[in-house]
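Summary of the model geometry
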Protein chains: 2
Amino acid sequence: MGMVSTRTYGQFCGFARAVEIVGERWAMLLVRDLLVGPKRFGELQRGLPKIPTNILTARLKELEAAGIVRRRASTQPGGGVLYELTPSGEELEPAVLALGRWGAKNVLDAPRPDEIVTNDSMIMALRTTFQPKNAKGVHASYELRMGPVVIHARIGNGKIETGAGPLPDADLIIDAGPALKSVMTGEISPREAIANKSVHIIGDPALFDRFAELFKI
Amino acid sequence: MGMVSTRTYGQFCGFARAVEIVGERWAMLLVRDLLVGPKRFGELQRGLPKIPTNILTARLKELEAAGIVRRRASTQPGGGVLYELTPSGEELEPAVLALGRWGAKNVLDAPRPDEIVTNDSMIMALRTTFQPKNAKGVHASYELRMGPVVIHARIGNGKIETGAGPLPDADLIIDAGPALKSVMTGEISPREAIANKSVHIIGDPALFDRFAELFKI
DNA sequence: CTGGATCCTCAACGATACTG
DNA sequence: CAGTATCGTTGAGGATCCAG
């Protein structure tokens, strides 16, 4: 059994205690995906294909014991269990966004072989890079495609709403590869990205200019 | 040898990449202490008494390889090496503060047996809980003592400056134990804490009321 | 004395097979 | 679908030793 002495840092400190819990391997990734919405065991597994099932089980139990995650009976057919964040777990969002911002800016270079993009990682990337200051008075909706991943976002009242899947009435559809990152960092202009075909859009190019204002790394 | 496949999450995502680096055991604690200031190997070791030396060496090398930490020759007697954050490393501060806030509020209960408080953990705790909104027009300086740990803070222009050691001309000296946390969460009032002797102050009690406004969990 | 390197042990992780 | 069980591998913990 896990003795108390392991996995602790021995400091009476909020930060150290936080890291003891969410610093475990895979834990923060689970929180990231659950920030997008409640999920079942299998959905979590599909969103994190490389996590072993026993580790997924162990982490969920630990996060539950820490009051970050709770199990709820699904109201859907066949029942089953849903994992969702508690209010305390939801409060991790600022930390997740801050780390995501840092990572996108400082350590995200080119995709490595076999690296994937998932619905939830894309959705959180949008939330991470969203610039409320540039969203004043903006009302727009986007569908974003990256390979098999399709998500969408609506901007209104200076806020963002995100979701998985297509958005039939989207103002603009953006079909992009990793080059989208270069647009978000400002390395290349939106028009350039369209011109050299590293990004393909369906809709008004001006809306893609707007997109580059709304989401910055 | 450590193949590339270990310790990665296989996702092209800023957040996942960040966690691959700073999610390693001890890594975030090292960043926390280095955010306070550059340090030598032995100082880092004393600030994190439970870290094995080989792990400290390994983490410093990894953080250096990731561009977060750099080594600098000390200008002090005998030379020696100083470890300090790079600009990229400094940019981790928002994430560290966000995690610290979450931990202080959600998972920091009572001190566990053998848990210690260090200079750097106290300093970062002050920075974490500092409320700029309540510091408008405030000009005050505090010396804070917790057992053997003595640090200080100066508030001015809505900003905070922190440092290790005493502050001879401090407006107020606060000598407290873990009960200080209860004051910062609002569980007990500053005056109560003084009355029941869980906090001892040298100076005007009104300045301790002010302290409780400036630092909140 | 600082700044490590080396060794061994054991707990945690990773891969996969299996079960209610 | 939602986990357990098993087992090999990797990294952390702890003590000791070495070089400048």
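Quick look at the structure, then. For every chain, the first residue of its written sequence is number 1, and the numbers climb from 1 along that sequence. All chains are assigned letters beginning with A, and all ligands numbers beginning with 1, in the order in which they are written. Only residues with pLDDT of at least 70 get local features here, since the model is predicted, and only at 80 or more are side-chain atom pairs given and counted; chain-wide, interface and lining totals rely on the full set of residues. The basis for the side-chain values is all heavy atoms of the structure; hydrogens and waters are excluded.

Here we take up the packing of helix H1 (residues 14-22) of chain A against helix H2 (residues 27-36) of chain B. Remark: H1(A) packs on H2(B), axes separated minimally by 10 Å, with the N-to-C direction vectors making an angle of 160°. Judged by the inter-axis angle, H1(A) sits roughly antiparallel to H2(B). Note that H1(A) runs across H2(B); the crossing there is right-handed. Between H1(A), through Phe15(A), Ala16(A) and Val19(A), and H2(B), the contact on the second element is made entirely by Met28(B), Leu29(B) and Arg32(B). Each axis is a line fitted through C-alpha atoms, taken for helices only over the stretch in contact, and angles between the N-to-C directions span 0 to 180 degrees. Helix and strand definitions here come from DSSP, where helices need a minimum of 4 consecutive H or I residues and strands a minimum of 2 consecutive E residues; each element is numbered from the N-terminal end. Throughout, the term roughly parallel applies to angles under 35 degrees, roughly antiparallel to angles over 145, roughly perpendicular to angles from 65 to 115, and oblique to all others. Less than a right angle of anticlockwise turn of the near helix away from the far helix marks a crossing as left-handed, whereas a clockwise turn marks it as right-handed. Note on contacts: a residue pair qualifies if any of its non-hydrogen atoms lie within 4.5 Å across the two residues.

What surrounds DNA strand D is a group of 18 residues, the closest being Thr53(A), Tyr83(A), Arg25(B), Trp26(B) and Arg59(B). Protein-proximal atoms of DNA strand D, defined as those within 4 Å of the protein, fall in sugar or phosphate at a share of 65%. In protein, a polar contact means a hydrogen-donor-capable atom and an acceptor-capable atom, both N or O and within 3.5 Å, with residues adjacent in sequence counting only if both atoms are side-chain atoms; elsewhere, any N or O pair within 3.5 Å suffices. Between a base oxygen of DNA strand D and a side-chain N or O atom of Asn54(A), the distance comes to 3.4 Å. Contact distances for DNA strand D include 2.7 Å between a phosphate oxygen and a side-chain N or O atom of Arg25(B). Those elements giving two or more residues to the surface near DNA strand D turn out to be helix H3 (41-47) and helix H4 (53-65) of chain A together with helix H4 (53-65) of chain B. The nearness test applies per residue and asks whether one of its heavy atoms lies within 4 Å of the molecule or strand.

It is worth spelling out helix H10 (residues 205-214) of chain B at this point. Residue and element names in this part refer to chain B. The cut-offs for exposure are 20% and 50% of the maximum accessible area for each residue type, with area from a 1.4 Å probe on protein chains only; residues under the lower value are buried, those over the upper are exposed, and the others partly exposed. For H10, the full list of buried residues reads Phe 208, Phe 211, Ala 212 and Leu 214. One side of H10 carries all its buried residues, which in axial view fall inside an arc of 160°. Where H10 begins, one side-chain oxygen reaches toward the backbone nitrogen of Ala 206, 2.8 Å away; that side chain belongs to Asp 204. An arc is given here, and it is the one of the directions from the helix axis to the C-beta atoms.

What follows covers the protein's contact with DNA strand C. Neighbouring DNA strand C are 19 residues; Arg25(A), Asn54(A), Arg59(A), Thr53(B) and Tyr83(B) lie closest to it. Near-protein atoms of DNA strand C (within 4 Å) split between backbone and bases, with sugar and phosphate holding 66%. A distance of 3.1 Å is found between a phosphate oxygen of DNA strand C and a backbone nitrogen or oxygen belonging to Gly42(B). Between DNA strand C and the protein, one listed contact pairs a base nitrogen with a side-chain N or O atom of Thr53(B) at 2.8 Å. Counting only elements with at least two residues in the surface near DNA strand C, the list comes to H4 of chain A together with helix H3 (41-47), H4 and strand S2 (81-85) of chain B. Tallied by class, residues from the surface near DNA strand C come to six nonpolar, seven polar and six charged. Classification convention: Asp, Glu, Lys, Arg as charged; Ala, Val, Leu, Ile, Met, Phe, Trp, Tyr, Cys, Pro as nonpolar; all other residues, Gly among them, as polar.

Turning next to the sheet that holds strand S7 (residues 199-202) of chain B. Sheet strands associate in pairs through backbone hydrogen bonding, adopting either a parallel or an antiparallel arrangement. Residues and elements named next belong to chain B. Spatially, S5-S4-S3-S6-S7 is the arrangement adopted by the five strands of the open sheet, whose pairing is mixed. The strands lining the two open edges of the sheet, one partner per strand, are strand S5 (159-164) and S7. Strand after strand, the sheet turns through a mean of 20° between neighbouring axes, direction not considered. Lying over the sheet, H10 contacts strand S3 (140-146), strand S4 (149-156), strand S6 (172-176) and S7, oriented at roughly 85° with respect to S3. A pair of strands is considered paired only if DSSP assigns at least 2 bridges between the two.

The copies were overlaid by least squares, fitting only the C-alpha atoms of residues that reach a pLDDT of 70 or more in each copy. For these two chains of identical sequence, chain A goes onto chain B by a turn of 180° and a shift of 0.0 Å along the axis, with RMSD 0.0 Å. In symmetry terms, the pair is related by a two-fold rotation axis. Taken as a fraction of all interface residues of chain A, those also at the interface in chain B reach 100%, which identifies the copy contact as same-surface.

All names here are of chain A. Buried residues dominate strand S4 (residues 149-156), accounting for six of its eight residues. Relative to S4, strand S3 (residues 140-146) is paired through seven bridges, and the arrangement is antiparallel. Bridge pairing in S4 links Leu 144 to Ile 151. From the end of S3 to the start of S4, which pair antiparallel, there are two residues, and Gly 147 there has a positive phi angle of about 60°. Judged from the six bridges that link them, S4 and strand S5 (residues 159-164) form a sheet pairing that is antiparallel. Bridge pairing links His 152 to Gly 163 in S5. Hairpin connection of S4 to S5: two residues between the antiparallel strands, including Asn 157 at a positive phi of 55°.

Turning our eyes to something else, we now look at the pattern of salt bridges. Whenever Lys or Arg places a side-chain nitrogen within 4 Å of a carboxyl oxygen from Asp or Glu, that contact is recorded as a salt bridge. All told, the structure shown has 34 salt bridges over all chains when counted by the stated rule. Linking Glu143(B) and Arg145(B) is a salt bridge whose minimum nitrogen-to-oxygen distance equals 2.8 Å. Judged by its relative accessible area of 4%, Glu143(B) is buried. The exposure class assigned to Arg145(B) is partly exposed, which follows from its relative accessible area of 26%. Between Asp169(B) and Arg154(B) there is a salt bridge; the shortest N-O distance is 3.8 Å. One end of the pair, Asp169(B), is in the loop between S5 and S6; the other, Arg154(B), is in strand S4, with 15 residues separating them in the sequence. Among the ionic contacts, a cluster of salt bridges with common partners joins Arg17(A), Glu20(A), Asp109(B), Arg112(B) and Glu115(B).

What is shown is where atoms sit, not what they do.
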